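Chain by chain, the residues run as shown.
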Amino acid sequence: MALSHDPSSPQPAPAPQGALTVLGLESSCDDTAAAVLRRGRDGRIEILAEAVMGQNAAHAPFGGVVPEIAARAHAERMDVLARSVLADAGLNPRELDGVAATAGPGLIGGVMAALMTAKGIALGVDAPLIAVNHLEGHALSPRLTGALSFPYLLLLVSGGHTQLVIVEGVGRMTRLGSTIDDAAGEAFDKTAKIMGLGFPGGPAVERCAQAAAAPERFELPRILARDKSCNFSFAGLKTAVRRVWDRLEAPTDADRADLAAAMQTAVARHLAERADRAMELFSQRFEASDTPLQLVAAGGVAANGAVRLALASNAERRGFTLIAPPLKYCTDNAAMIALAGAERLALGQIDGLAAAARPRWPLDADAAQTDPANGSGRKGPKA
Ligand code: KG4
Ligand code: ZN
């Protein structure tokens, strides 16, 4: 249940009193981001400045994120971006109470850009470093824009992750399920690549699907139809899309639109079915208390209209409120890293300068151990 922290680095410290101003840095995939946030004594959050620089143009020719290109772009921009948000916030770096950076999981060359920059700043201004788990950032991100009470059920669906997690507090997360192969966003990106729709694939597939005249024309297999767990799978769907596509002799725009719609429907249905099972488990777990039933959908794929609709319908049936954070906090951003950093700092949980960048870092260490197919190591996809 406890968030697994790097045993080589955590340093218990006295929990600071009063407001905390924290710089957050993020570079674990293809967005370079920095943000400054203030956490009031009462836990109220104020974002003082934030910036995100994407890299879509650099990766578009390859139809997916190229790790070396991403790492180089992060290294070139991270320090500049950090300086720029501090200036936007009107802050001298010496006024920082802490410096937080994503330390994993992610593309290691990229992760190192934020982590090394954060270490340099922390050392330079003598502020504590907080090595943040990127997934914890996503898990807490819905709290950036308003008071969302713990616990809540989180469906995290992006290009790197697909998980269902019960979030009970900082460092208190229980993973109910995750993907056994590709992430949902990857399925969109690969579908777009197969059909020549461009990158990033999700928005392209969604746009294309809007033109479908016969959205039910192509029948794609129901994903994990007999499996009653909260796990996901998208590799078979990608293969099915390829098979249909290869059978079309001279595909027209109408074919493209119908296949895009079929793929989108299959993803939306799969996500909604798994979320439904998770809502059932959540309700059982908190049955005895008057816990509000809240389902948060975060990650780039949560921007998809068909996905939101399918989730909303199941949520309503189960008596859950569906909460979708604003898109800029759904996708990778640094405000969520600053938030996770500030929450940990408030609890006196800081890290030493020896904190390592980690390509894999499961959110729920217990689940990773008991269910290694979904945990860390080579067989732990997107965990
Ligand atoms: O959260 P995100 O920005 O980055 C991480 O992967 O962490 O998510 C990006 C993913 C990409 O795979 C992209 O294709 C997908 O989210 N995505 C969408 C939509 N917008 C972004 N997928 C489906 N429909 C969308 N409208
Ligand atoms: Zn992410």
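Residues numbered from 1 in each chain as written. Chains lettered and ligands numbered in written order. Predicted model: local features only at pLDDT ≥ 70, side-chain atom pairs only at ≥ 80, totals over all residues. Heavy atoms only, no water.

A. Local environment of the coordination of the zinc ion (ligand 2). Coordination of the zinc ion (ligand 2) by the protein is provided by His134 (NE2), His138 (NE2) and Asp332 (OD), with metal-donor distances spanning 2.1 to 2.2 Å. Taken together, the four donor atoms coordinating the zinc ion (ligand 2) span angles of 79 to 140° at the metal, a pattern that classifies the geometry as irregular. Written as a sequence motif, the donor residues of the zinc ion (ligand 2) are H-x3-H-x193-D. Residue histidine 138 is found in helix H4 (residues 134-140), and its partner aspartate 332 is found in the loop between helix H10 (327-330) and helix H11 (335-346); the two are separated by 194 residues along the sequence. Exposure class is identical for histidine 138 and aspartate 332. Each is buried. (Donors = N, O, S within 2.8 Å, 3.2 Å for Na, K, Ca; no water. Tetrahedral: all angles 85-135°; square planar, octahedral: opposite > 155°, others 65-115°. Helix = DSSP H or I, 4+ residues; strand = E, 2+ residues; numbered from the N terminus. Buried < 20%, exposed > 50% of the residue type's maximum accessible area, 1.4 Å probe, protein only.)

B. The arrangement of helix H2 (residues 67-88) in detail. If you check H2, its first and last C-alpha atoms are 30 Å apart, about what 22 residues at 1.5 Å a residue would give, namely 32 Å. Approximately 40° is the largest bend angle found in H2, and it occurs at arginine 77. Regarding H2, the residues found buried are Ala70, Ala71, Ala73, His74, Met78, Leu81, Ala82, Val85 and Leu86. Buried residues in H2 make contact with strand E2 (20-26), strand E3 (31-39), strand E4 (45-54), helix H1 (56-59) and helix H3 (108-125). Positive backbone phi, approximately 65°, marks glycine 90, located one or two places after H2. (Expected span 1.5 Å × (residues − 1). Bend = angle between axes of the 7 residues up to and from the residue. Contact = heavy atoms within 4.5 Å.)

C. Main features of the pairing of strand E6 (residues 129-133). Most of E6 is tucked away: five of the five residues are buried. Alternating residues of E6 divide into Leu129, Ala131 and Asn133 and Ile130 and Val132, and every residue in both groups is buried. Relative to E6, strand E5 (residues 98-104) is paired through five bridges, and the arrangement is parallel. Along E6, the bridge assignment pairs alanine 100 with isoleucine 130. Crossover E5 to E6 through H3 is right-handed. (Pairing = 2+ DSSP bridges. Right-handed = clockwise from strand over helix to strand, strands pointing away.)

D. Molecular detail of the packing of aromatic side chains. All chains considered together, the criterion is met by four aromatic pairs. Ring geometry for phenylalanine 150 against tyrosine 152: centres 5.8 Å apart, planes inclined by 15°, an arrangement best described as stacked. Here phenylalanine 150 falls in the partly exposed class, since its relative accessible area comes to 28%. Exposure remark for tyrosine 152: the relative accessible area of 0% places this residue in the buried category. Measuring from ring centre to ring centre gives 5.7 Å for phenylalanine 282 and phenylalanine 320, while their planes differ by 65°; the resulting arrangement is edge-to-face. (Phe/Tyr/Trp six-rings, centres within 6.5 Å; stacked < 30°, edge-to-face > 60°.)

E. Structural context of the domain arrangement of the chain. Partitioning the chain into domains gives domain 1 (20-145 + 330-370) and domain 2 (152-324). Spacing between the C-alpha centres of domain 1 and domain 2 amounts to 26 Å. Of the residues lining the interface, 25 residues belong to domain 1; the matching set on domain 2 comes to 21 residues. Carbon and sulfur atoms supply 69% of the area buried between domain 1 and domain 2, which totals about 1900 Å² over both sides. By the criterion of area lost to domain 2, the three top residues of domain 1 are Cys330, Leu363 and Asp364, representing 25% of everything that side buries. Our count for the contact surface shared by domain 1 and domain 2 stands at zero salt bridges. Here domain 1 and domain 2 share four residue pairs in polar contact (both at pLDDT 80 or more) between them. Looking at the side of domain 1 that touches domain 2, the elements that each hand over two or more residues are H1, H4, H11 and helix H12 (365-370). Looking at the side of domain 1 that touches domain 2 element by element, the count peaks at six residues for H4. Grouping the amino acids of the side of domain 1 that touches domain 2 by side-chain chemistry returns twelve nonpolar, seven polar and six charged. (Domains from an automatic or database assignment. Buried area = accessible area lost by both parts, 1.4 Å probe. Salt bridge = Lys/Arg side-chain N within 4 Å of Asp/Glu carboxyl O. Polar contact = N/O pair within 3.5 Å; in protein donor to acceptor, adjacent residues only side chain to side chain. Nonpolar A, V, L, I, M, F, W, Y, C, P; charged D, E, K, R; others polar.)

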